[in-house]
Number of protein chains: 2
Amino acid sequence: LPAHLQADPLGVQKFCIDIVDATADTVCAFKPQIAYFAAIGAEAQLQAVCDHIRTQYPHIVLILDAKRGDIGDTASLYAREAYERYQADAVTVNPYLGTDSLEPFLRTTGKGTIVLCRTSNPGSAEFQSQLINNEPLYQVIARTAATKWNTVGDCALVVGATYPTELAEVRAIVGDMPLLVPGIGAQGGDVQAAVTSGRTANGTGLIINSSRAVLYASNGTDFAHAARTVALSTRDAIRQFSN
Amino acid sequence: LPAHLQADPLGVQKFCIDIVDATADTVCAFKPQIAYFAAIGAEAQLQAVCDHIRTQYPHIVLILDAKRGDIGDTASLYAREAYERYQADAVTVNPYLGTDSLEPFLRTTGKGTIVLCRTSNPGSAEFQSQLINNEPLYQVIARTAATKWNTVGDCALVVGATYPTELAEVRAIVGDMPLLVPGIGAQGGDVQAAVTSGRTANGTGLIINSSRAVLYASNGTDFAHAARTVALSTRDAIRQFSN
């Protein structure tokens, strides 16, 4: 947090809301990462941020990045956490436990389920790229999502911008399904490679996420203005390559 | 919750603490499931329950069942949530993102990391049993845990009591590593099969978990006494087969 907000008990909330207000006209989605709030016991501040987004920017997609994954009854509670408590339009989930663990999310009408496929971290190949009948696990996940989970168009996948080759492979498998693409900005993924590898035939289908590069563009009192500058240049870079 | 606690804003906390006090001399570990608290915005009550366990029963292992899994920086925040905020001795985590996503947990000195291997839910085979070079993914996870993650003896695995054959296979791979075994009680796993399949050569190595059968043994004012009765009979059933 910028110094002037560090002593404020609602500093995190004020910081996030200022970032939201400064960037709302430059984005298609906001994706708060719940771990940053959970680590410091700031769930109420996250609720306030989500409520602000829902109230002030109802047209912008609110994605809760929580990467939940649990057995059925527990998964239903995590769905309630994301969709009701935080009013999220969509939530990120982990597929390791199988289809039955995703059903409480998928069957929630009008809400999106964004399944981890090929994540942006350096070690994501370790299990995700293991071959199953000559097909890497992340492609099995992508195919299962396209054929089994996305029955009503409310499913998307996470594929990191740090792996443009895999991004193109997933796009080839899933048709026009939306892909959430983290990894540009602080993680070093290339915008041009991500867009050209991941876009659909008509040049859309991507939610390209930059978090830290925007949030931490400045640690001074000008943080929101600096965030807007980075958000605008990121948007422009994405647009430059999307047609 | 029993009727007499439903109108109490601290009803969840009181319920859990009464269960803890009624069963503490019958268990080796408590494993609160964070989703039940997160769905209703009751993190402060979970903190109070964990604080009660840590203060009153410092010899009993406190496992936070959170099944976290995220990239490095975010994983560090989830580790902080589990180990610091909730004072857990160990936390359940999801291996899909790979070793680098587990490192913030594994490298925390004196704390345990319990990795999902073969989960207890009906659909867990869908991805976990896919063959990679003729070895199911859950066995790849088990082998990786035994050879790579458990370097200082602070790693364990989750294998469901509902799959005793797989439990025996994992035991054969991991030697004396502890296994957290959910799935008896409400999920229908057989105690005898779980114990005989999962125990180490000297008859130990298992943390066998029963949650709902104990928690919901009665929905009346006698809930804690009823929970104790089920906990005792479960403990006795486990002991009967463990030698």
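Structure's up top.
Residues numbered from 1 in each chain as written. Chains lettered and ligands numbered in written order. Predicted model: local features only at pLDDT ≥ 70, side-chain atom pairs only at ≥ 80, totals over all residues. Heavy atoms only, no water.

**Quick look at the relation of the copies chain B and chain A**
Just so we agree on the cut-off: A residue counts toward the fit only if its pLDDT is at least 70 in both copies, and the copies are then superposed by least squares on the C-alpha atoms of those residues. Contacts: residue pairs with any heavy atoms within 4.5 Å of one another.
Superposing chain B onto chain A takes a rotation of 180° combined with a translation of 0.0 Å along the rotation axis, leaving an RMSD of 0.0 Å. Taken together, the turn and the small shift mark the pair as related by a two-fold rotation axis. Minimal C-alpha distance to the rotation axis in chain B is attained by B:Ile132, lying at 2.7 Å. The overlap is high: 100% of the interface residues of chain B also sit at the interface in chain A, so the same surface is used on both sides.

**Details of the sheet that holds strand β7 (residues 155-159) of chain B**
Residues and elements named next belong to chain B. The criterion, for reference: For two strands to be treated as a pair, DSSP must find at least two bridges joining them. Put simply, DSSP H or I for four residues or longer makes a helix, DSSP E for two residues or longer makes a strand, and each gets a number counted from the N terminus.
Overall, parallel pairing links the 7 strands, which are arranged β1-β2-β3-β4-β7-β8-β9 in an open sheet. Across the chains shown, the open sheet's two edge strands, defined by having one partner strand only, are β1 (29-30) and β9 (206-208). Examined bridge by bridge, strand β2 (residues 61-68) and strand β3 (residues 90-93) share 3 bridges and lie parallel to one another. Residue pairing in the sheet places leucine 64 in a bridge with valine 91 of β3.

**Considerations on the pairing of β7(B)**
Within a regular strand, the side chains alternate between the two sheet faces. Residues and elements named next belong to chain B. So the rule is basically this: The classification of residues rests on relative accessible area computed with a 1.4 Å probe and restricted to protein chains. Under 20% of the type maximum is buried, over 50% is exposed, and intermediate values are partly exposed. We call a crossover right-handed when, viewed with both strands directed away from the observer, the connection leading from the first strand over the helix to the second proceeds clockwise.
A large share of β7 lies buried, amounting to 5 of its 5 residues. Judged by which residues are buried, β7 turns out to be covered on both faces: Cys155, Leu157 and Val159 on one side and Ala156 and Val158 on the other are all buried. Note: strand β4 (residues 112-118) against β7, 5 bridges, orientation parallel. For threonine 113, the partnering residue across the bridge sits in β7 and is cysteine 155. Where β7 and strand β8 (residues 179-181) come together, 2 bridges link them in parallel fashion. Looking across to β8, one finds that valine 158 is bridged to leucine 180. On the question of chirality, the crossover connecting β7 to the parallel β8 by way of helix α9 (residues 164-174) is right-handed.

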